[in-house]
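Architecture at a glance
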Amino acid sequence: MKQRIALAAALLLALVVVQGCGGDGYPQSALHPTSDFGHRLDGLFKQILWWAVVVFVIVVGVLLYTVFRWRERPERGRPREIHGHVLLEIGWTLAPALILVAIAIPTIRTIFLIDNPTADENALTVEVIGHQWWWEFRYPELGIVTANEAHIPVGRTVDLRLRSADVMHSFWIPKLGGKRDLLPGRENQLWFRPDSVGVFWGQCAEYCGTAHALMGMRVVVDDPGGFDAWVAANQAGPATPTEAQTRAGQAVFMGTACVSCHRIRGTAANGNFGPDLTHFGSRLTVGAGILENTPENLAEWIGNTQHVKPGNLMPQVRLTEQQVAQLAAYLLSLR
Ligand code: CUA
């Protein structure tokens, strides 16, 4: 009885674990593809999975049958031992070889398909640069530079050019496609055409140092009108602070070390070591996908950055609580 309960519990646990791989509640699920690239990989995965299921059922079936059929029985005595069986030997050599060929053909075809440069002339080029530990996105045709959050239009191919500013990173948005390494001194390419609008979570998938696990991103797939609006907003300069609080925040920003690492277009802040903050207020997250972009979280990020994201390269600037609040208000006003 106890064994049965343990078995039932183990099965239930396995079910829960497997459920964890999918569902809309899991924003980083590779099992719910929403791009042509994702569907291709998913198709290949399912094909191989079914081959594995067939092999598993046959092997375990024969094993169980054998164990049960020829189990020890006192009345039968010791069973006859058999050594060597030519037909079996040929069978279990040939069958796996054929299965491997059956898996290799679609695998190689998929590899070539996703490895070729995109043939779509209408593709939108986006340069992705990996930094310790954040993402830079550049749209050369549109003159937009942003960080940790890319916007792309639904139904149009995006042609990503991937490189690194320091060490190896890997670009991965499980629902859209990837993963592909970002290497120092080399440009890699990745392209896909998203088929649904939404906010998609991404993650660096190559260990790149202390804050690797906290190197996240968001990719927002917009409908065409929404994308055009985003482009127009981002091509414009940053909002000019009008309220006392945001003006004070701007003064704090311009008077501290912030300016040497961050850029806010059209101001004296022209650093390029950290993320471009020109339209920071319109982003969904702070700290490369780790916290929602709210005034409280932003204040926590500025005031206690190593606590929020241990190892990150932003120096802790000494500020009063009031200055932190002013700075947060200013940054959030940059929409
Ligand atoms: Cu970047 Cu891991």
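Each remark here, short or long, concerns the structure printed above.
A brief look at the structure comes next. Note that the structure is predicted; figures quoted are calculated from it, not measured.

With that settled, the discussion passes to a nonpolar patch on the surface. A surface patch of nonpolar side chains, amounting to about 690 Å² of accessible area, comprises L31, F45, L49, W50, V53, F56 and V57. Tracing the chain through its elements places V53 in helix 2 (residues 36-69).

This brings us to the sheet that holds strand 5 (residues 158-164). Pairing is mixed across the open sheet formed by five strands, whose spatial order is 3-2-1-5-8. Only two strands of the sheet have a single partner each, and these edge strands are strand 3 (144-147) and strand 8 (188-192). On average, each strand axis in the sheet is tilted by 25 degrees relative to the strand beside it, whichever way the strands run. With four bridges connecting them, strand 2 (residues 134-139) and strand 3 associate as antiparallel partners. Residue F137 lies in a different strand from strand 3, and its bridge partner there is T146. Each of strand 1 (124-131), strand 2 and strand 3 is contacted by helix 4 (residues 224-235), which is oriented at about 100 degrees to strand 3, the strand it contacts most.

We now examine the layout of surface pockets. Its boundaries defined by the atoms lining it, the largest pocket holds a volume of some 770 Å³. Around the largest pocket, the lining comprises 19 residues; the ones closest to its centre are V59, V62, T66, L88 and W92. Mapped onto the lining of the largest pocket, the elements with two or more residues apiece are helix 2 and helix 3 (86-115). Top contributing element to the lining of the largest pocket by residue count: helix 3, with seven residues. Looking at the lining of the largest pocket residue by residue, the classes come out as 13 nonpolar, four polar and two charged. In this structure, the second largest pocket occupies an estimated 630 Å³ of space. Lining the second largest pocket are 36 residues, with H262, G274, P275, W301 and M314 positioned closest to its centre. Contributions of two or more residues to the lining of the second largest pocket are made by helix 6 (258-261), strand 11 (285-286), helix 7 (295-303) and helix 9 (321-333). Among the elements that take part in the lining of the second largest pocket, helix 7 stands out by supplying three residues, more than any other.

Procedures and definitions
Numbering of residues starts from 1 in every chain and runs along the sequence as written. This being a predicted model, a pLDDT of at least 70 is required before a residue's local features are given, and a value of 80 or more before pairs of side-chain atoms are given or counted; all residues contribute to the totals for chains, interfaces and linings. Note: side-chain values were computed over all heavy atoms of the structure, leaving out hydrogens and water. Residues enter a patch when their relative accessible area is above 30% and they make no salt bridge; the linking distance is 9 Å between like charges and 5 Å between nonpolar side chains (Val, Leu, Ile, Met, Phe, Trp, Tyr). Surface exposure here means Shrake-Rupley accessible area, sampled with a 1.4 Å probe, where a residue is shielded only by the protein chains that are shown. A side-chain nitrogen of Lys or Arg and a carboxyl oxygen of Asp or Glu constitute a salt bridge if their distance falls within 4 Å. For helices the rule is a DSSP run of H or I covering at least 4 residues; for strands it is a run of E covering at least 2, with both sets numbered from the N terminus onward. A pair of strands counts as paired when DSSP detects no fewer than two bridges linking them. What counts as an axis is a line fitted to C-alpha atoms, over the stretch in contact for a helix, and the angles between N-to-C directions run from 0 to 180 degrees. The contact rule is simple, with two residues in contact once any of their heavy atoms fall within 4.5 Å. Using only the protein atoms, space was sampled on a 1 Å grid; points where a 1.4 Å probe fits but cannot get out form cavities, open sets with protein on both sides within 12 Å along at least five of seven lines form pockets, and lining residues are those with an atom within 4 Å of a point. Grid points are joined across faces, edges and corners, and a volume is the space filled by probe spheres set on the points. Lys, Arg, Asp and Glu make up the charged group, whereas Ala, Val, Leu, Ile, Met, Phe, Trp, Tyr, Cys and Pro make up the nonpolar group; the residues left over, Gly among them, are polar.

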